[in-house]
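Reading the structure
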Amino acid sequence: SRVSGKRVVIAGGSGLVGTALTGVLVDAGYDPILLSRKEGLRNVVWDGVTMGDWVQSLEGAEAVVNLSGSSINVKFNDANRRLIIESRSRTTRLIGDAILKCENPPNLWLNASAVGYYGHRKNEPL
């Protein structure tokens, strides 16, 4: 288990935003821990569905950032919309339940669900 006064836990940290955030945090002297389905140097394995050993990484963390969820780069039909929403609400609920188990919970909890850039389109609805 890692011990750092500047630990930030990032769920879904292997995506576009998480990768950029990890680099910024490392440069600023933080110790980012990624909750991921895969093992890795900074990774703590989780499945995004069940409680597990990953909960210990939240204990005493400066922050937890939830970026996890299924890709938005899909055809927007009812099934995919449901998957997008459920994948985000499930992990948010799971992280919230895990934080409630902490004796020393993270000081900050942030959620982000997607990122997109559309540019200036005048009156076109986006």
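Residues numbered from 1 in each chain as written. Predicted model: local features only at pLDDT ≥ 70, side-chain atom pairs only at ≥ 80, totals over all residues. Heavy atoms only, no water.

**Comments concerning the nonpolar core**
Counting 15 residues, the largest nonpolar core has Val9, Leu35, Trp46, Trp54, Leu58, Val64 and Ile95 as its most contacted members. When contributions to this core are tallied by element, the ones reaching two or more residues are strand S1 (7-11), strand S2 (31-36) and helix H2 (78-101). No other element matches H2, which puts four residues into this core. Those residues in contact with Val64 that lie beyond four places of it in its chain are Val9, Leu58, Ile95, Ile99, Pro106, Leu108, Trp109 and Leu110. Counting residues in hydrophobic clusters, the runner-up holds seven residues, among them Val8, Ile10, Leu25 and Ala63. (Core = buried A, V, L, I, M, F, W, Y, C linked by side-chain atoms within 4.5 Å. Buried < 20%, exposed > 50% of the residue type's maximum accessible area, 1.4 Å probe, protein only. Helix = DSSP H or I, 4+ residues; strand = E, 2+ residues; numbered from the N terminus. Contact = heavy atoms within 4.5 Å.)

**Topic: H2**
Its 24 residues place the ends of H2 35 Å apart at the C-alpha level, agreeing with the 34 Å of an ideal helix rising 1.5 Å per residue. Residues of H2 that are buried: Ile84, Ser87, Arg88, Thr91, Leu94, Ile95, Gly96, Ala98 and Ile99. Taken together, the buried residues of H2 touch S1, strand S4 (63-66) and strand S5 (108-111). Its side-chain oxygen placed 3.2 Å from the backbone nitrogen of Ala79, Asn77 serves as the N-cap of H2. (Expected span 1.5 Å × (residues − 1). Polar contact = N/O pair within 3.5 Å; in protein donor to acceptor, adjacent residues only side chain to side chain.)

Function cannot be read off these values alone, since they describe shape.
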